[in-house]
Amino acid sequence: MTLARPFDDGPLWIANPLGITTGTEASGEPAADARGGIVVDGGRIVELVAHGATPVTPGAAARRFDASRHVVTPGFVNTHHHFSQTLTRAWGPVANAPLFPWLQRLYPVWARLDERSLRLAVDVALAELLLSGCTTAADHHYVFPDGLEHGIDIEVEAVRAMGMRATLTRGSMTLGEKDGGLPPQSTVQDHEVILEDSRRVIEAYHERGDGAQIQIALAPCSPFSVTRELMSDTAELAREQDVRLHTHLGETIDEERFCLEMFGQRPVDYLESVGWLSDRSWLGHGIHFSDDEIARLGAAGTGVAHCPSSNMRLASGSARVLELEAAGSPVGIGVDGSASNDRSSIIVEARQALLLQRLQYGADVPVERALGWATSGSAAVLGRRDIGRIEVGAQADLALFTLDDLRFSGAHDPVAALLLCGAEKADRVMVAGRWRVVDGRVEGLDVEQLIAHHSEAARRLVNG
Ligand SMILES: [Zn+2]
């Protein structure tokens, strides 16, 4: 399903919500009154309706969705994931391991991925994200064994079928064990093959401008799995093609030690030396930075995907989110995936971010700020201003949550309740003006059948 075709349904008034957040309350931008709801038309938000008012958009009052049971948020944006890892969730041998041994045990399993298992993994990750209120997802796919040369093409097809938006990153690994890297030799690719395929997928799929459904970014996996030359050449290609850059950085102390031994540099110095310290780049995790490094990342406008569940699960540490933002770095949320979280719920991840950052900075970190990271903040990390916010002109990407479950009973502030009571599932989700989740179910998707096929593929993958 392409989002680009014209919508002729006419304006729709999402009327008088129980609660609403624009995704920008904590950003210092002037607050708009949308308590009377939102009018969407042609795939965009065309009007915000003030408390007690009716829409002025012709025809909107006649086509009305009663949102009086719903808390309305911008569609959430996920900035870091590995969809394929849904096949290796809660796997016994790595259930209690930190990052490096966790990776070393998993690389050979991931090397057995094929087209069918990848498609099932992507479908599961996307459906789970969509059901949690996510409308735009980034994925970092970096395992391309023989037979999976078209991994990105498979992801594009899956995103279109799900009717979501995505920034799909063409990942890569070139630094195998024999050259001092972490991944086994069988999982690394040739430098030229990677650059050629990167160019191919950008030309085939990357959409520019407002309303883009598919964007491509380039993503060498991490300092310990690619060569310095690949980092530099990828940055050069990204500049030439005007696409974004993504990698893992500052995730663990082991990584820092690796960079010092292998390159004689700390991770941020290394990043700068390969031409990545810019507002074109965003980093997965971004935990182990000194004050000076945070200032440099902020001055450059380099973004950070904060992945609280994964960071706690692998005991990696906690990103210094408020300091990164104060320095100038956009910060978004990543569920990470999916063998280190091991779920793909963006709304749960926003709660985790709130709780972890409160543990770090104090109880006055506002709920709206965490909702902002997962919406407008994440959008900024992906270089977008047309999504992740409720304002006139923005894309009509929305998530609607009901507060009917036992866990919300007695809750007073409906927006705060989403994170403080722990919302898990959206009742309705809209992408580009079209409902993709209705009554808690993805339109046109047989979830039970997907679970059956995906579970079988997961069993086969780990059993070799
Ligand atoms: Zn990751």
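Model, not experiment: these values are computed from the prediction. (Residues numbered from 1 in each chain as written. Predicted model: local features only at pLDDT ≥ 70, side-chain atom pairs only at ≥ 80, totals over all residues. Heavy atoms only, no water.)

Peer 1: Looking at this model, I keep getting lost on the domain arrangement of the protein chain. Mind explaining?
Peer 2: One frequently used descriptor of interface size is the decrease in accessible area upon assembly of the parts. Segmentation of the protein chain into domains returns domain 1 (12-75 + 390-440) and domain 2 (76-381). Inter-centroid distance (C-alpha atoms) of domain 1 to domain 2 is 29 Å. Listed per partner, the contact involves 32 residues of domain 1 and 31 residues of domain 2. Together domain 1 and domain 2 conceal approximately 2300 Å² of surface at their shared face, both sides included; 64% is due to carbon and sulfur atoms. Taken together, domain 1 and domain 2 are joined by three salt bridges. For D210, the salt bridge goes to R44, with nearest N and O atoms at 3.6 Å. The interface formed by domain 1 and domain 2 includes eight residue pairs in polar contact (both at pLDDT 80 or more). Here the side of domain 1 that touches domain 2 gets seven residues from one element, more than from any other, and that element is helix α13 (residues 414-422). (Domains from an automatic or database assignment. Contact = heavy atoms within 4.5 Å. Buried area = accessible area lost by both parts, 1.4 Å probe. Salt bridge = Lys/Arg side-chain N within 4 Å of Asp/Glu carboxyl O. Polar contact = N/O pair within 3.5 Å; in protein donor to acceptor, adjacent residues only side chain to side chain. Helix = DSSP H or I, 4+ residues; strand = E, 2+ residues; numbered from the N terminus.)

Peer 1: Teacher, can you tell me more about the pattern of salt bridges here?
Peer 2: Pairing of side chains with opposite charge becomes possible as their charged atoms draw close. Summed over all chains, the structure comprises 36 salt bridges. Through salt bridges with shared partners, a single ionic network connects E29, R385, R389 and E391.

Peer 1: For this particular structure, what's the right way to read the coordination of the zinc ion?
Peer 2: Each pair of donors in an ideal four-coordinate tetrahedral metal site encloses 109.5 degrees, whereas pairs in an ideal six-coordinate octahedral site enclose 90 or 180 degrees. Those donors, H80 (NE2), H82 (NE2), H248 (NE2) and D336 (OD), are the protein atoms that reach the zinc ion, and they lie 2.1 to 2.7 Å from it. What the four donor atoms of the zinc ion show is an angle range of 85 to 175° at the metal, which sorts the shape as irregular. Sequence spacing of the donor residues for the zinc ion, all on one chain, is H-x1-H-x165-H-x87-D. Within this pair, whereas H80 is found in the loop between β7 (76-78) and α1 (99-110), its partner D336 is found in the loop between β14 (331-333) and α11 (346-361), the two being separated by 256 residues in sequence. Judged on exposure class, the residue H80 and its partner D336 are both buried. (Donors = N, O, S within 2.8 Å, 3.2 Å for Na, K, Ca; no water. Tetrahedral: all angles 85-135°; square planar, octahedral: opposite > 155°, others 65-115°. Buried < 20%, exposed > 50% of the residue type's maximum accessible area, 1.4 Å probe, protein only.)

Peer 1: In this structure, what is going on with the packing of aromatic side chains? I would like to understand it.
Peer 2: Each aromatic ring pair is described using two quantities: the centre-to-centre distance and the angle formed by the ring planes. What the rule picks out here adds up to nine aromatic pairs. An angle of 70° between the planes, with centres 5.8 Å apart, marks the rings of W102 and W110 as edge-to-face. Across this residue pair, the class does not change: W102 and W110 are buried. Here the aromatic rings of F263 and Y270 are separated by 4.1 Å at their centres, their planes lie at 10°, and the arrangement is stacked. Note on accessibility: F263 and Y270 belong to one class, buried. Geometry around W435 places R428 over its ring, the cationic atom sitting 4.7 Å from the centre. (Phe/Tyr/Trp six-rings, centres within 6.5 Å; stacked < 30°, edge-to-face > 60°. Lys NZ or Arg CZ within 6 Å of the ring centre and 35° of its normal.)

Peer 1: Would you mind going over the pairing of strand β6 (residues 70-74) with me for this structure?
Peer 2: Residues in a regular strand project their side chains so that they alternate between the two faces of the sheet. With five of five residues buried, β6 lies mostly within the body of the structure. With two bridges joining them, strand β2 (residues 19-20) and β6 adopt parallel strand pairing. Counterpart to I20 in the pairing with β6 is V72. As paired strands, β6 and strand β15 (residues 398-402) are joined by five bridges and run antiparallel to one another. The residue of β15 that forms the bridge with T73 is A399. (Pairing = 2+ DSSP bridges.)

Peer 1: How should I be thinking about the nonpolar core in this particular structure?
Peer 2: Judged by nonpolar contacts, the single largest core of 121 residues is most densely connected at W102, L103 and W373. The element contributing the most residues to this core is helix α2 (residues 115-131), with 11 residues. Setting aside residues no more than four positions away along its own chain, W102 makes contact with Q85, V94, A97, W110, R313, L314, A339 and S340. Ranked by size, the runner-up nonpolar core spans 19 residues in total, among them I14, A34, L48 and A396. (Core = buried A, V, L, I, M, F, W, Y, C linked by side-chain atoms within 4.5 Å.)

Peer 1: How should I be thinking about the sheet that holds strand β4 (residues 44-49) in this particular structure?
Peer 2: Pairing between sheet strands relies on hydrogen bonds along the backbone, with the strands arranged either parallel or antiparallel. What the four strands build is an open sheet, ordered β4-β3-β1-β5; its pairing is mixed. Lying at the two open borders of the sheet, with one neighbouring strand each, are β4 and β5 (64-66). Between one strand axis and the next, the sheet turns by 25° as a mean value, whatever way the strands run. Looking at chain direction, strand β1 (residues 12-15) and β5 are connected through three bridges and run parallel. If you follow A15 over to β5, its bridge partner there is D66. (Axes fitted to C-alpha atoms, helices over the stretch in contact; angles between N-to-C directions.)

Peer 1: Whenever I open this one, the packing of α2 against helix α14 (residues 447-463) confuses me. Can you help?
Peer 2: Between two packed helices, both the angle of their axes relative to each other and the distance between the axes serve to describe the pair. With their axes 9 Å apart at the nearest point, α2 and α14 run at an angle of 130° to one another. Viewed along their axes, α2 and α14 adopt a mutual orientation that is oblique. Crossing angle aside, the handedness with which α2 passes α14 is left-handed. Note on element contacts: α14 touches α2 through L450, H453, H454 and A457, opposite R116, S117, L120, A121, D123 and V124. (Parallel < 35°, antiparallel > 145°, perpendicular 65-115°, else oblique. Left-handed = near helix turned anticlockwise from the far one by under 90°.)

Peer 1: Honestly, unusual backbone geometry in this entry has me stumped. Any pointers?
Peer 2: Note on backbone geometry: most residues besides glycine have negative phi, and most peptide bonds are trans. Geometrically, the link from N341 to D342 is a cis peptide bond, its omega value of 5° lying close to zero. Locating D342 in the fold gives a position in the loop between β14 and α11. In this model, D336 sits at a positive phi of 55°, which is unusual for a non-glycine residue. The exposure class of D336 is buried, given its relative accessible area of 4%. Positive phi, close to 50°, is recorded for A432, a residue that is not glycine. Along the chain, A432 falls in the loop between β16 (428-431) and β17 (434-438).

Peer 1: Sorry, what's going on with a negative patch on the surface here?
Peer 2: On the surface, D190, E192, E196, E229 and D233 cluster together into a patch of negative charge. Listed by contribution, the elements that provide at least two residues to the negative patch are α4 (191-205) and α5 (228-241). Following the sequence through the fold, D233 ends up in helix α5. (Patch = residues over 30% accessible without salt bridge, like charges linked within 9 Å, V, L, I, M, F, W, Y side chains within 5 Å. Areas by Shrake-Rupley, 256 points an atom, 1.4 Å probe, with all protein chains shown as cover. Lys, Arg positive; Asp, Glu negative; His and termini not counted. Charge placed at Lys NZ, Arg CZ, Asp CG, Glu CD.)

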